[in-house]
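# Survey of secondary and tertiary structure
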Amino acid sequence: MTPEPTSLTGDSPTGTDAPRPGPPPGCPAHGKGPGGLSRLHESEDLKKLYEELRAEHGPVAPALVHDDVPVWVVLGHAENQQLVRTPAQYCKDSRIWSALGEGLVKPDHPLMPHIAWQPMCAHAEGDEHRRLRGAIDAAVAATDFRGLRRHVNRSVQRVVNRFCEAGEAELVGQYAEHLPMAVMCHVLGMPEEYDDRMVEAARDMIRGTETAIASNAYVMEALERLTARSRAQPLDDFTGHLIRHPAGLTDEEVAQHLRVVLIAAYETTANLLANVLRQVLIDPRFRSQLNGGQMTVPQAVEQLLWDEPPFSTIFAYFAKQDTELGGQRIRKGDGLVFAPAPANVDPRVRPDPTADMKGNRSHLAFGGGTHECPGQDIGRVIAEVGVDALLMRLPDVELSIEEERLTFTESLASRHLVELPVHFTPRPQQDVTQRPSHENDAPPQQDWHIGVTRPAATVPSASPALPEPSVEPPVPHPAPVPPPVAEPAPPRGAWQRFLRWWRGY
């Protein structure tokens, strides 16, 4: 970034960034960089830091990232919208970034995976962006969402069956990180690739560990196999639609875009699912509103997209020309951090950060403008059904530790819940083709009619179901007046029928 020198250095009238002695450990200024700017990547409490920057600089603030590379962090809701919705002024093509051209960003910079330009829709502009994004949008539009809900329900059954008999689980590592990967592998057309190794590789890539490159190679090998198979015989799945699209994507473009879709959808949904479940478990009022019908699961998901967006920031946008944003002078080539987390609590649009935001989708959790997340509705379905179906299976699930002991790992990009240990009444496994339910002891409904004895209830077991007993024909002579028989349950109302349809049954 190359803003006015005095705006970044303050005490440097010459505009130079000459080395200055750092503050001693324990000093309030410790952790500050050149010109007294805050290092975002070193903050132990980014929420607090964002509010301090907002109070000092307004909706757009100067800051530093790794290696003291200067950026603007956009804190205001309106300013973030302006950033993503004015492609004539801002783009995601890092090749115009001044810091990169001046050599401030080294090849081994920790943010290089996010910075490095690639021929993908996430970095492209104009006609090239429309070509690539058009193929992605068409593949998403072809998704059968009712069928997707049915598959999410079945995936919930499979994942929950792995721990339901134990009476305890850790819902981040055993549930929230597994369900999205199981569903996305199905959506892309490679259900056979879903396993613990794929989940571990995805998590490792996102964390940026020493083995992240090897994990990325593992994921790419699976996606390249999928691309080659789909090229030979395209099916009616996401990958098949990408390959058949008139945009004519190459195999490399298909595989790279599949990687973006898989990892972005996985990380976003895993974080969202964990955050919603955490809120259900720690907030009795929130849970009672769900159980009592005052709040639907989709409304609960939207509330958490306001309060805990899956990505705190998205790095980065770049100024295509000299301009102004939030009262700050932005120069051509400056880097700007799109920041949904502080934007969602901008006091100008949300004076009370604890207020319910039911039905309000103006949050920035999925970005906006031409680069808005194309798969957000898929993520919503996974989160909504994932919460609903889990509570169907385990209605008495409770947190096993005090809320204060829950911990997060925080980075510039996201705030990730580490563990969510719970306990519940141990329950048997269920048939994955059946609707998730906690009523395991209820016998399956059988057809009957007046004059025929209702079958006796039986306890389900792992053994094959016995054939229904034959029914004796009615006696031809007059029979005594039978005792009153309970009337069959009335047919489901419109609301119950809608809920069954909505959940994929």
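Above this text is the structure in question.
Thresholds applied
- Sequence order sets the numbering: in each chain, residues are counted from 1 along the sequence as written.
- Owing to the predicted nature of the model, reporting of local features is limited to residues with pLDDT of at least 70; listing and counting of side-chain atom pairs is limited to 80 or more, with chain, interface and lining totals taken over all residues.
- As a rule here, side-chain values cover all heavy atoms of the structure and leave hydrogens and water aside.
- Runs of H or I in DSSP of at least four residues are treated as helices and runs of E of at least two as strands, each being numbered from the N terminus.
- Buried, partly exposed and exposed residues are distinguished by accessible area as a fraction of the type maximum, computed with a 1.4 Å probe on protein chains only: under 20%, between the cut-offs, and over 50%, respectively.
- For every accessible area listed, the method is Shrake-Rupley and the probe measures 1.4 Å; residues are considered covered only by the protein chains on display.
- The criterion for strand pairing is that DSSP finds at least two bridges linking the strands in question.
- In this analysis, the expected span of each helix is defined as 1.5 Å times one less than the number of residues it contains.
- When we speak of the arc, we mean the arc of directions from the helix axis to the C-beta atoms.
- By definition, residues are in contact when any of their heavy atoms lie within 4.5 Å.

### Some points on the overall build of the chain
Along its length, the chain carries 18 helices and 12 strands. Buried positions account for 46% of the 505 residues belonging to the chain. Accessible surface computed for the chain: about 25400 Å², of which carbon and sulfur atoms make up 55%.

### Topic: the pairing of strand 8 (residues 335-338)
Here is the key point about a regular strand: its side chains alternate between the two faces of the sheet. What you see with strand 8 is no split at all: Gly335 and Val337 on one side and Leu336 and Phe338 on the other are buried throughout. Where strand 2 (residues 69-74) and strand 8 come together, 3 bridges link them in parallel fashion. The residue bridging Trp72 from the neighbouring strand is Leu336, located in strand 8. In this sheet, strand 8 lies alongside strand 5 (residues 314-319) in antiparallel orientation, the contact comprising 4 bridges. When the bridges of strand 8 are listed, Tyr317 appears paired with Leu336.

### A look at the environment of Val432
For Val432, the location among the structural elements is in the loop between strand 12 (421-423) and helix 18 (494-502). Val432 sits 278 residues away from Arg154 along the chain, and the two C-alpha atoms are 5.0 Å apart.

### So, helix 2 (residues 46-57)
With 12 residues, helix 2 extends 16 Å between its outermost C-alpha atoms, agreeing within 8% with the 16 Å of an ideal straight helix rising 1.5 Å per residue. Taken as a whole, helix 2 has its buried residues at Leu46, Leu49, Tyr50, Leu53 and Arg54. Across the axial projection of helix 2, the buried residues extend over an arc of 140°, all falling on one side. Every exposed residue of helix 2 that faces more than 90 degrees away from the buried side is listed here: Lys48, Ala55 and Glu56. On its buried face, helix 2 is in contact with strand 1 (60-65), strand 2, helix 16 (340-343) and strand 10 (408-410). One or two steps after helix 2, the chain reaches Gly58, where phi turns positive at roughly 95°.

### Structural notes on the environment of Val337
The topology assignment puts Val337 in strand 8. For Val337, a relative accessible area of 0% translates into the label buried. As for Val337 and Thr313, which are separated by 24 residues in sequence, their C-alpha atoms are 6.6 Å apart. In this structure, Val337 is in contact with Val71, Trp72, Val73, Val74, Asn80, Thr313, Ile314 and Phe315, ignoring residues within four places of it in sequence.

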